[in-house]
Amino acid sequence: MIILKDVSLAYGEKVIFNEINATIGQRDRIALVGVNGSGKSTLIKALLNELEIDSGTIEKPGYVTLGYLPQDGIEASGKTLFEEAQSAFADTLTLQAKIDEASERMYEMDPEEEEYYELIDTIGEWEQQLEDHEPEKMKSRIERILIGLGFKQEDLQRDTGEFSGGWQMRIALAKLLLQNPSLLLLDEPTNHLDILSQHWLEKYLENYHGSLMVISHDKAFLNTITNKTYQLKFGALHTYNGNYSFFEKASAERIATQRKKADNQDKEIKRQKEFINRFRSNQKKASMVQSRIKQLDKVERVEVEREEKKMFFRFPEPPAASRKVVELEGVHKAYGDLKVFTGIDLRIDKGDRIAVVGVNGAGKSTLARILAGVEPIDAGERIAGVNTVVGYFAQQQAEELDPKKTVLEEVELAANNDPNMNPRAALGAMLFSGGEQHKSIDVLSGGERNRVALAKMLMRPANFVILDEPTNHLDLRSKEVLQDAIKLFPGTMILVSHDRDFLDPVVNKVLEVRPDGSRMLTCNVSEYIARIEEEAGVST
């Protein structure tokens, strides 16, 4: 369907793509992975013809359509939610012309070629889309997708301008799903979804008839919906015929094989050099010595793939804590006419590891701020334990950094002149070395800002840590490092996140926050989702 041949791109001395090759076929489900800055979003822009490559070609037949969901930045207004979703069908009216053109092209193609059968499948999809354009089918599809992504029936007639940024991205995603492009390009599609909407999206994409290329830092999401993995690393593109877990295993095996070959080669070279040195002055063996010298000169050294730098993160040893960490009694919280909590009761005990889940807007971040003691309440009481020391990472923590300060200045301020703290070492562990520590905050990427915010957390030991969406902008390897640090942390932890692969190994409870109340369940997030599905099945 789409073929990349020897594609190269560089910005100055930084090589993004070094003669990379790949094929995206019909029904491929591709996870595009790599550390932050490896070129994932750049590759998508190249596929969309939004940037010019230095050399090579990207072959894309005219009948192939691409649909792209960026990480953020999309806004709609002036139409109702239903009307905005309905606009996704505007291009459907041109489908008959595409079907006629593709049918003519088939007469010129070799029936033995794979592209011939791909085109037959594509025509079938277009014909199905034309059939779905019937008013009743179109209405049901729009409602099914919008409700699946978390909108309510009463939202359908609201002006799209009333929805916040996260909901705007859901509107954009809904329109893409309704358009059914040949290749769906999704850049962090779960960032703005709660756990239940994400679960619905997984089920939907599993049955999607086109191809997918997904950038995501959610391992469970990638494992569920992908069957191929493309890894960008130091300008190279490595392809694997399996999901992310398969890629992890196969990549490790490939590097282990390289190391073994390199070790064996080093041993053989050493043996040959010892022979040469031993018999260099022996006239009888002069021809053998010269022969082995020539052989060594021709040897192509086995190169072991470079490893990418990995951050190191460990929470400081927490101070001793009392059994009761914090308790909420009859807490009320509202923003104007919007009532978030009306009499919530909650107790957090020493050793609790709680995932806070719920639909967007249910009050998860508000609850995190109340528990942290940084959000005033309207009524009720927040009672902290005798020895409770809070460490709080806000969802917008990275955005709250002072753009006028350097990376080092920001972390030194958090250290508050404590001689036991070492800001430079903490930043080094977060991959800020040397001159990078003197970078201004305002030039940092989202991932870099997150790492600065995490470094600040290391400057104050706490026994009650609250992390609100700590994995935003972190690549998969950095998330694993943070996950390991949470496992080793002996204190109490509250985690607001929709990433169940990140949460499952580190939590022992799930706190479900709903507009009509809350409940605490002793399970992990996957078990919680299974329970929700079971309850939904019982109710229907």
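Here the residue index of a chain counts from 1 through its sequence in written order. Side-chain atom pairs in this predicted model are given and counted only at pLDDT of 80 or more, local residue features only at pLDDT of at least 70, and totals for whole chains, interfaces and linings cover all residues. Just so you know, side-chain values use all the structure's heavy atoms and leave hydrogens and water out.

Enquirer: Outline the overall build of the protein, listing residues and values.
Expert: Regarding its fold elements, the protein presents 17 helices and 18 strands. With the C-alpha coordinates aligned to their principal axes, the bounding extent of the protein is approximately 100 × 75 × 45 Å. When each of the 540 residues of the protein is scored for burial, the buried share is 50%. It only takes one pair of heavy atoms within 4.5 Å for two residues to be counted as in contact. Look at the contacts in the protein between residues 6 or more apart in sequence, and 70% of them connect residues 24 or more apart. Accessible surface, the protein as shown: approximately 26,500 Å² in total, 47% of it carbon and sulfur. Just so you know, the count uses Lys and Arg for positive and Asp and Glu for negative, and it drops His and the chain ends. All charge positions are set by atom: Lys at NZ, Arg at CZ, Asp at CG, Glu at CD. Once the 69 positive and 87 negative side-chain charges of the protein are each reduced to a mean point, those two points are 10 Å apart. Secondary structure elements are taken from DSSP: a helix is a run of H or I of four residues or more, a strand is a run of E of two residues or more, and numbering for both begins at the N terminus. Burial classification: accessible surface area is computed with a 1.4 Å probe over protein chains only, and a residue below 20% of its type maximum counts as buried, one above 50% as exposed, and the rest as partly exposed. All accessible-area figures derive from a Shrake-Rupley calculation using a 1.4 Å probe, and residue coverage is judged against the displayed protein chains alone.

Enquirer: Break down the sheet that holds strand β11 (residues 338-349) for me, with residues and values.
Expert: A pair of strands is considered paired only if DSSP assigns at least 2 bridges between the two. Here three strands make up an open sheet; going across it, the order is β11-β10-β13 and the pairing antiparallel. The two strands at the open ends of the sheet, each matched to only one other strand, are β11 and β13 (379-384). Neighbour-to-neighbour, the strand axes of the sheet open up by a mean angle of 15°, direction not taken into account. Two strands pair when backbone bridges link them, and strand β10 (residues 324-335) and β11 are joined in this way by nine bridges, in the antiparallel orientation. Looking across to β11, one finds that Glu-327 is bridged to Arg-347. Inter-axis angles, ranging from 0 to 180 degrees, are taken between N-to-C directions of lines fitted to C-alpha atoms, where helices are fitted over the stretch in contact. Those strands touched by helix α11 (residues 364-372) are β10, β11 and β13, and its axis lies near 130° from that of β10.

Enquirer: Could you give an account of unusual backbone geometry, naming the residues involved and the relevant values?
Expert: Of note in this structure, Asn-180 is not a glycine but carries a positive phi near 55°. Turning to its location among the elements, Asn-180 is positioned in the loop between α6 (165-179) and β6 (183-187). Residue classification places Asn-180 among the buried positions, given a relative accessible area of 19%.

Enquirer: How would you sum up the sheet that holds strand β14 (residues 390-393)? Please name residues and give values.
Expert: The strand order across the open sheet built from six strands is β14-β15-β16-β12-β17-β18, with neighbouring strands paired in mixed fashion. Every other strand in the sheet has two partners, leaving β14 and β18 (517-521) as the edge strands with one partner each. Across the sheet, the mean angle from the axis of one strand to that of its neighbour is 15°, orientation sign disregarded. Seen against the sheet, α11 touches β12 (353-357), β14, β15 (464-468), β16 (492-496) and β17 (509-514) and runs at an angle of roughly 155° to β15.

Enquirer: Residue-level account of the pattern of salt bridges, with values.
Expert: When a carboxyl oxygen of Asp or Glu is within 4 Å of a side-chain nitrogen of Lys or Arg, the pair counts as a salt bridge. Considering all chains together, one arrives at 27 salt bridges under this definition. Salt-bridge contacts for Lys-233 lead to Glu-305; the nearest nitrogen and oxygen are separated by 2.8 Å. Taken as a pair, Lys-233 in strand β8 (residues 228-233) and Glu-305 in the loop between α10 (286-298) and β10 lie far apart in primary sequence, 72 residues in all. Accessibility expressed as a relative area gives 4% for Lys-233, which makes it buried. When its relative accessible area of 14% is taken as the criterion, Glu-305 is described as buried. Notably, a salt bridge pairs Arg-347 with Asp-349, separated by 2.6 Å at the nearest N-O pair. For Arg-347, a relative accessible area of 36% corresponds to the partly exposed category. Assessed through its relative accessible area of 21%, Asp-349 is described here as partly exposed. Salt bridges linked by common partners bring Glu-512, Arg-514, Arg-519, Arg-531 and Glu-535 together as one network.

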